[in-house]
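So the chains spell out like this:
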Protein chains: 2
Amino acid sequence: MGIDGGGTNSRATLCDEMGHVYALAKAGPVNQNSVSIQKVEAEFQLLMQNLRQQAPEHFQQVSYVFAGVAGTGKEEARLRVHEILEDLRPLNASIEVKHDGYNALYAGTLGEPGVVQISGTGSLTFGMNSQGNTARAGGWGYLIGDEGSGYALGRDALSAMAKEQDGWGEPTSLSDYILNQFEVKNPHDIIPHIYNQSHPRQHIANLSRYVMDAAINHDTVAQNIIQKAAHDLSEQIRAVVTKLFDKHQKVPVVLTGGVFTRADLFTPYINQTFDQYNINIDLIEPKLTPLGGAVIAAFRASDMQVNSGFVNQFIQTTRDGLE
Amino acid sequence: MGIDGGGTNSRATLCDEMGHVYALAKAGPVNQNSVSIQKVEAEFQLLMQNLRQQAPEHFQQVSYVFAGVAGTGKEEARLRVHEILEDLRPLNASIEVKHDGYNALYAGTLGEPGVVQISGTGSLTFGMNSQGNTARAGGWGYLIGDEGSGYALGRDALSAMAKEQDGWGEPTSLSDYILNQFEVKNPHDIIPHIYNQSHPRQHIANLSRYVMDAAINHDTVAQNIIQKAAHDLSEQIRAVVTKLFDKHQKVPVVLTGGVFTRADLFTPYINQTFDQYNINIDLIEPKLTPLGGAVIAAFRASDMQVNSGFVNQFIQTTRDGLE
């Protein structure tokens, strides 16, 4: 059984090493930093009940539960999830709880060591080497860090608009994109739209798509914003790679999250930076969803190999399900 | 009569052209962007009652009221304040309402044309030339702009700490300053302290003093943060100067706000930048408080010259009052 526990919603699945999916369940957020532990427990109950109802026999046969859960960077938080799952698990199943970076990493490396760069609204780098040592960078949130995230791209777009308006920035089509988005004519009229939001972080991150669109349409300011983000991403990845891997090892680096729906805008810069540092990386897109990564982790923890057809089979059977 | 109406508190004074102060009053916030118009009206009533009680005869003799009020960038907002003051003013007094940038400018130029750079928690540049034309830059708030503000300095300090911790930033004493401030041992423990604040903007801006302390103590990272802020300030000032003044005019530039309590850290960079652009500016510290600037504006609007001893007299008589 694999569980991908997030801050917005959670997913769980029962699956065999061929990639046959017997049950697939979805529930709400289980991040202890944002919801109560009662809520976390209720959502895990929902996931388990749902899986059990869909496939009662397979549920009882589960030998290993891997739960990759957001907000469990600290031991205490992991133990709380572990206790909750003890009461809910299939009778003979072992349980492993780790943070959700493992799901994202294994979704790309299929259980092998490597580094994952997550760039959605926020940004985080996580890596694991063959000795099982781990390291991270980022994850500081939008007021401190989140370099190379959707938020950083959106914030830089707003700043570029403000500088153009004030007369000390280069002209940029980003201003028009943003004015259209908020349906206003004057850049200053953006101000209440941004500050009166209860979640300005998300609204600013949503502007990142305009940076990508404008960059593709040869807007120099947007291209510079992309290049700066790619530089910050490279530095974060490099920090984790050098902590965990030897100089001449080839390191798989998984790029995941909303920003990398346009990975092609970033990868040339990132590759160029690592060439300069003479570090050998292999940028890859994830083959599976994070839930698939959690299943891989479960098999890995129970010393089982997944079948060579696993990825295709898993994708095919989950595509028709809840994903 | 001069009124300095702010977002946190407001002040008003009755004063003659020699700088003799007959009454001095203090009240709460009158910025319509943050408090209700009923509250604004109540605070202006408080100011006026207070002045009238302190000096009933002088109050009736007032010929001109200048109110420089925050949050009155738009005509509608200015008219609302004007209507409120119509009902409260001394019988024969004319009223002029403008935004509070005029107070800050005149506090330095004593009524002459020039530019003022305000860098407190946020940042704003405002200028006026001899034809009375005005221009501004900045004032976009912490999520869009505020370059060169206390907020920007504090944010860059947090970012420097995060990068050092993650292994992609230079070592910096800023981390120790920040850890001490929040009384924690691990940089990651800062995160809840920042995000659980109801006013994170102010708390981040408060960290700016550590950037200044560290820069004075030869911390390279802090010095780079100061230099970047000085660059951004220079560009904002330049944008306003070039909109309003001829190439070879010498332009007084007033530096005011909390960031410039250490103006000496910024002025060398700013002067250097303007030398490069071959623009002639004269950086000055304000001689008066913003309330003094409002009084200057009142005399200016009523075509009266202030006495050569005005500044010293005003400072001396307000020092013993509410300021």
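Residues numbered from 1 in each chain as written. Chains lettered and ligands numbered in written order. Predicted model: local features only at pLDDT ≥ 70, side-chain atom pairs only at ≥ 80, totals over all residues. Heavy atoms only, no water.

As annotated in an unreviewed UniProt entry, chain A is ATPase BadF/BadG/BcrA/BcrD type domain-containing protein from Pontibacillus marinus BH030004 = DSM 16465.

Novice: Kindly report on the overall build of chain A, identifying the contributing residues and their values.
Specialist: Looking only at helices and strands, chain A has 13 helices and 10 strands in total. For chain A, whose C-alpha radius of gyration is 21 Å, the value lies close to the compact-globule estimate of 20 Å for 323 residues. For chain A, the proportion of its 323 residues judged to be buried stands at 54%. Contacts in chain A between residues at least 24 apart in sequence constitute 69% of all its contacts with a sequence separation of at least 6. Accessible surface computed for chain A: about 14,200 Å², of which carbon and sulfur atoms make up 44%. Separation of charge centres in chain A, based on 24 positive and 35 negative side chains, amounts to 2 Å. (Helix = DSSP H or I, 4+ residues; strand = E, 2+ residues; numbered from the N terminus. Rg over C-alpha atoms; globule rule 2.2 N^0.38 Å. Buried < 20%, exposed > 50% of the residue type's maximum accessible area, 1.4 Å probe, protein only. Contact = heavy atoms within 4.5 Å. Areas by Shrake-Rupley, 256 points an atom, 1.4 Å probe, with all protein chains shown as cover. Lys, Arg positive; Asp, Glu negative; His and termini not counted. Charge placed at Lys NZ, Arg CZ, Asp CG, Glu CD.)

Novice: Which residues make up the interface of chain A and chain B, and what are the values?
Specialist: The extent of an interface is frequently quoted as the accessible surface area lost upon association of the parts. Listed per partner, the contact involves 36 residues of chain A and 36 residues of chain B. Approximately 2,900 Å² of surface area, both sides summed, lies buried where chain A meets chain B, with 64% of it carried by carbon and sulfur atoms. Our enumeration of links across chain A and chain B arrives at 2 salt bridges. Here B:K74 makes a salt bridge to A:D189, at a shortest N to O gap of 3.7 Å. There are 18 residue pairs in polar contact (both at pLDDT 80 or more) connecting chain A and chain B. (Buried area = accessible area lost by both parts, 1.4 Å probe. Salt bridge = Lys/Arg side-chain N within 4 Å of Asp/Glu carboxyl O. Polar contact = N/O pair within 3.5 Å; in protein donor to acceptor, adjacent residues only side chain to side chain.)

Novice: Now, about the relation of the copies chain A and chain B: what can you tell me, with residues and values included?
Specialist: The relation between the two copies of this chain is a rotation about an axis and a shift parallel to it. The transformation that overlays chain A on chain B combines an axial shift of 0.0 Å with a rotation of 180°, and the residual RMSD is 0.1 Å. The two molecules are tied by a two-fold rotation axis, judged by turn and shift. In terms of C-alpha distance to the rotation axis, chain A has A:L143 as its closest residue, with the C-alpha 4.6 Å off the axis. With an isologous cut-off of 70% or more, the 100% of interface residues of chain A that recur at the interface of chain B puts this contact in the isologous class. (Least-squares fit on C-alpha atoms with pLDDT ≥ 70 in both.)

Novice: Run through the pattern of salt bridges, naming residues and quoting values.
Specialist: Residue and element names in this part refer to chain B. Within the structure shown, the criterion is met by 18 salt bridges over all chains. A salt bridge links D213 to R262, with the shortest nitrogen-to-oxygen separation between them at 3.1 Å. Residue D213 is found in helix α9 (residues 208-216), and its partner R262 is found in the loop between β9 (251-256) and α11 (267-277); the two are separated by 49 residues along the sequence. D213 sits in the partly exposed class, given a relative accessible area of 25%. A residue is classified by how much of its surface remains accessible, and R262, at 28% relative accessible area, is partly exposed.

Novice: How would you summarise the nonpolar core if you had to cite specific residues and measurements?
Specialist: By size, the foremost hydrophobic cluster in this structure holds 108 residues, and its most contacted members are A:I190, A:F266, B:I190 and B:F266. Those residues within four positions of B:I190 in sequence are excluded, and the remaining contacts are A:I144, B:L158, B:M161, B:I178, B:L179, B:F182 and B:V184. Counting residues in each nonpolar core, the second largest holds 27 residues, with B:V30, B:A55, B:F59 and B:L88 among its members. (Core = buried A, V, L, I, M, F, W, Y, C linked by side-chain atoms within 4.5 Å.)

Novice: Tell me about the side chain of B:T172, residues and numbers included.
Specialist: Residue and element names in this part refer to chain B. Structurally, T172 can be placed in the loop between α5 (150-166) and α6 (174-182). Residue classification places T172 among the buried residues on the basis of a relative accessible area of 7%. Not counting chain neighbours up to four residues away, the residues in contact with T172 comprise A160, E164, D219 and V221.

Novice: Would you mind going over unusual backbone geometry in detail, with residue names and values included?
Specialist: Residues and elements named next belong to chain A. Positioned with a positive phi, L110 is a non-glycine residue whose angle comes to about 55°. With respect to the element layout, L110 can be found in the loop between α4 (101-109) and β6 (114-119). In this structure L110 comes out as partly exposed when scored by relative accessible area, which is 30%. In the Ramachandran plot, D146 falls in the positive-phi region, its phi being about 65° despite a non-glycine side chain. By the element assignment, D146 lies in the loop between β8 (134-138) and α5 (150-166). Classification of D146 by relative accessible area gives buried; the value is 3%.

Novice: Any details on the sheet that holds strand β7 (residues 123-128) of chain B? Residues and values, ideally.
Specialist: Residues and elements named next belong to chain B. Ordered in space as β8-β7-β6-β9-β10, the 5 strands form an open sheet in which the pairing is mixed. The sheet is open, and its two borders are formed by β8 (134-138) and β10 (281-284), each paired with just one other strand. Direction aside, the axes of adjacent strands within the sheet are offset by 20° on average. Across 6 bridges, strand β6 (residues 114-119) lies against β7 in antiparallel orientation. Looking at β7, one finds that V115 is bridged to G127. With respect to the sheet, helix α4 (residues 101-109) is in contact with β6, β7, β8, β9 and β10, its orientation differing from that of β6 by roughly 115°. (Pairing = 2+ DSSP bridges. Axes fitted to C-alpha atoms, helices over the stretch in contact; angles between N-to-C directions.)

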